[in-house]
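Take a look at the letters that make up each chain.
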Amino acid sequence: MTQEVCKNLDELIGTMIKYHPEANVELVKKAYAFAEKAHEGQMRKSGEPYFVHPLIVAGILAKLMLDAPTIAAGLLHDTVEDCESVTQELITKEFGQEVSLLVDGVTKLKRLDFSSKVEQQAESIRKMILAMSKDIRVVLIKLADRTHNMRTLKSQPPESQKRIAQETLDIYAPLAHRLGVYKIKQELEDLCLRYLDPEGYQNLIVKVGMKRAEREANIRGVIGTLSDKIKEMNIRYEIDGRPKHFYSIYRKMVLQQKPFEQIFDLIAIRVLVDSVQDCYAVLGIVHTLWKQVPNRFKDYISTPKPNMYQSLHTTVVGENGMPFEVQIRTYEMHRIAEYGIAAHWRYKEGKQVADGLDNKLYWLRQILDWQNDTRDSEEFIKSLKVDLFSDEVFVFTPKGEIIDLPRGATPIDFAYRIHSAVGNKCVGAKVNGRIVTLDTPLDTGDFVEIITQQSSKGPSRDWLKIVKTSQAKSKIRAFYKKELKEENIASGRQMLEYEAKRLACNLPSLLKSEYVEPILRKYSFADLDDMYAAVGCGGITAAQIVTRLREEQRSHEKPLIPVVPKTVETPSAAKHGSKNDMGIMVAGLPGCQMHFAKCCTPLPGDEIIGFITRGRGVTIHSRYCINVNCSQNPERWVDAEWADTTNTFYNGSLQILAYDRHNLIADLMSYLSAQKVTVCALNARLNPANQTVTIELTLQVANKQELDWVIKQLAKRQDTIDIFRV
């Protein structure tokens, strides 16, 4: 997408009224003044005034031919999030419900009760998609916002650059693809490549530039030859040549493992005509002039893509042996190809004109339906990537209807796309008339027939490992959730008991109503049995639930700190206590034996207290340990304090939930070694249900601050989902 920007209000208004002469100019002027004042004094990391950002975002939306409320929301999109004096209620009051809903849809969730960055990201994206289903303009604002953020990404630290670029490539570029906004999609992909593989990006620029003059000469020759033939047919046309964007070349090199020298179709010739009839006439001319490359013709006019894209694509070989692609479409098809859903969006007197969009956005409603049962944040993000952007295959039902599926989809995915009852009763499949196994990947053009059996007991749990689409996974889980609810409840309760026991917790003490209610609300569980069933069927992990329950317990129950009886004669631990090799001073007990409580393993920096045991001396607890209770034998509690702990090391334990991948543990150990952190013990277990790993580490640290520093560093790693001290 061109990086020409609207530099001031006049340019913004001029761009808007070019496409919407009757637009509400006063609304945009008011939003401009409001946002400029709200962001006054704020600066971006690039050093420029913050208001430059919403102005450029609004300019991108104007160039996408969007209406005044959308452009106003673009100007206001960061005010609620970044300006303390601006609330959602104020936006509603000043600009009305329509603009307010658009602004709210792109405002991130900033609550502090997320257990991980991944969960916060997942819930913010879920919120955006929900708002997007009500008004597609929400995601167009978000795409414009992300486009300018990517243009200015160089001002961010390197680790943030990679994280933001990866998120953009995983979520936002695919959204632009799904919505057909190719101008934004291609720019986002090229910008992501610059930060995810800087060396590869620069090498590609150099190689593409080396033979540019030769390619441009070839393009001029091809255009001249084709133009002469089209003129003879008396067809009105426009023709130009364009280089393919960098990411498409890079992706072909990576996926097909080809060196740059073997990527020949680096250019595409685009022909625009008035009618569909003219499109096919020009196609005939192209195939008459040049030899067609086998299996490289695609007719997206008779079979449009789900994002409404229509065009004829064919690859032919020129006279000098150079392959090139020719794209042929009407002017209207080209407008849709460039601007996608934005080209269809029209408002009249504040009311949306449907223009057939309901049918064209069916995939969006399906994503929302399929994700309703997915409470696990990592699973949501993973499945969303599959739903949004994997290469599509187009297969046919026995009646000839076209079904689009992600590449790698199986007959089971096809069955559930037809109907959940077909999937649940599926016992076999035929592809092109031949019986195949249910894990067979489908290809474009396949005719698929599902074999069902009424006596079937339902889907196999193993299908969850085979299917590619979220729809199929959701329907299979729903079947087991309904049919095997009692079994799932028992299994889930057992899994929670095991997890609580492993963390030295008593599950019944964690299941008090004041701890459980917030979790039931957060994950939309009807009751405890619903929560047990979700754990049992793999909808959410036991570790997530127990971690949440422990957090609620800590926040609700600040334990009573035992008050050690003191008299004038009773010395304090600091002045007259006994110091041992553990670096601890205990009041009034010189030379006593001491050991740390395993339930809380305190470190220097934690407030501590001692408990006199029978035959084992004094057990040292954190004052906020859940097992510290002054009502139990108050006479046996004694004051304890840390003495000089220089050159003394202690064991600190932490737990990590991470994405499973090859060499994860080896990389983690290498990372800790590079940070000069000593690992005393490590235990890891795989969670097959969601492809994560739970890692328990015992580290040698000097104090609480050092352990907190290690936790902070590990939390920054891309494969870390959640991390906390045990």
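### Here we look at the sheet that holds strand S12 (residues 448–452)
Inference 1: Sheet architecture is open: 3 strands sit in the order S11-S10-S12, paired in antiparallel fashion. Each edge of the sheet is formed by a strand with only one pairing partner; in this case those strands are strand S11 (434–436) and S12. The average undirected angle you get between the axes of adjacent strands in this sheet is 35°.
Inference 2: Bridging between strand S10 (residues 426–431) and S11 involves 3 bridges; their strand directions are antiparallel. Across the sheet, residue Lys430 finds its bridge partner in S11, namely Ile435.
Inference 3: Sheet strands touched by helix H20 (residues 411–418): S10, S11 and S12. Its angle to S12, the strand with the most contacts, is close to 80°.

### Points about helix H27 (residues 542–556)
Inference 1: Between its first and last C-alpha atoms H27 spans 21 Å; for 15 residues at 1.5 Å apiece the expected length is 21 Å, and the two agree.
Inference 2: Among the 15 residues that make up H27, 11 are buried, leaving the element largely enclosed by the rest of the structure.
Inference 3: Residues Ala542, Ala543, Gln544, Ile545, Val546, Thr547, Arg548, Leu549, Arg550, Glu552 and Gln553 constitute the buried set of H27.

### Some thoughts on the side chain of Arg550
Inference 1: Relative to the helices and strands, Arg550 resides in helix H27.
Inference 2: Among buried Asp, Glu, Lys and Arg side chains, Arg550 stands out as unpaired, with Glu499 the closest opposite charge at 7.2 Å.
Inference 3: Those residues in contact with Arg550 that lie beyond four places of it in its chain are Leu503, Cys505, Leu510 and Phe724.

### Brief notes about the nonpolar core
Inference 1: One finds Leu12, Leu75, Leu76 and Met150 to be the most contacted residues of the largest nonpolar core, which totals 74 residues.
Inference 2: In terms of residue count, helix H9 (residues 158–178) provides more of this core than any other element does, 8 residues in total.
Inference 3: If we ignore the near neighbours within four places in the chain, the residues touching Leu76 are Ala31, Phe34, Ala35, Ile91, Phe95, Val99 and Val103.
Inference 4: By size, the runner-up hydrophobic cluster in this structure holds 29 residues, among which are Val586, Ile608, Leu664 and Leu668.

Rules of the game
Residues numbered from 1 in each chain as written. Predicted model: local features only at pLDDT ≥ 70, side-chain atom pairs only at ≥ 80, totals over all residues. Heavy atoms only, no water. Pairing = 2+ DSSP bridges. Helix = DSSP H or I, 4+ residues; strand = E, 2+ residues; numbered from the N terminus. Axes fitted to C-alpha atoms, helices over the stretch in contact; angles between N-to-C directions. Contact = heavy atoms within 4.5 Å. Expected span 1.5 Å × (residues − 1). Buried < 20%, exposed > 50% of the residue type's maximum accessible area, 1.4 Å probe, protein only. Lys, Arg positive; Asp, Glu negative; His and termini not counted. Salt bridge = Lys/Arg side-chain N within 4 Å of Asp/Glu carboxyl O. Core = buried A, V, L, I, M, F, W, Y, C linked by side-chain atoms within 4.5 Å.

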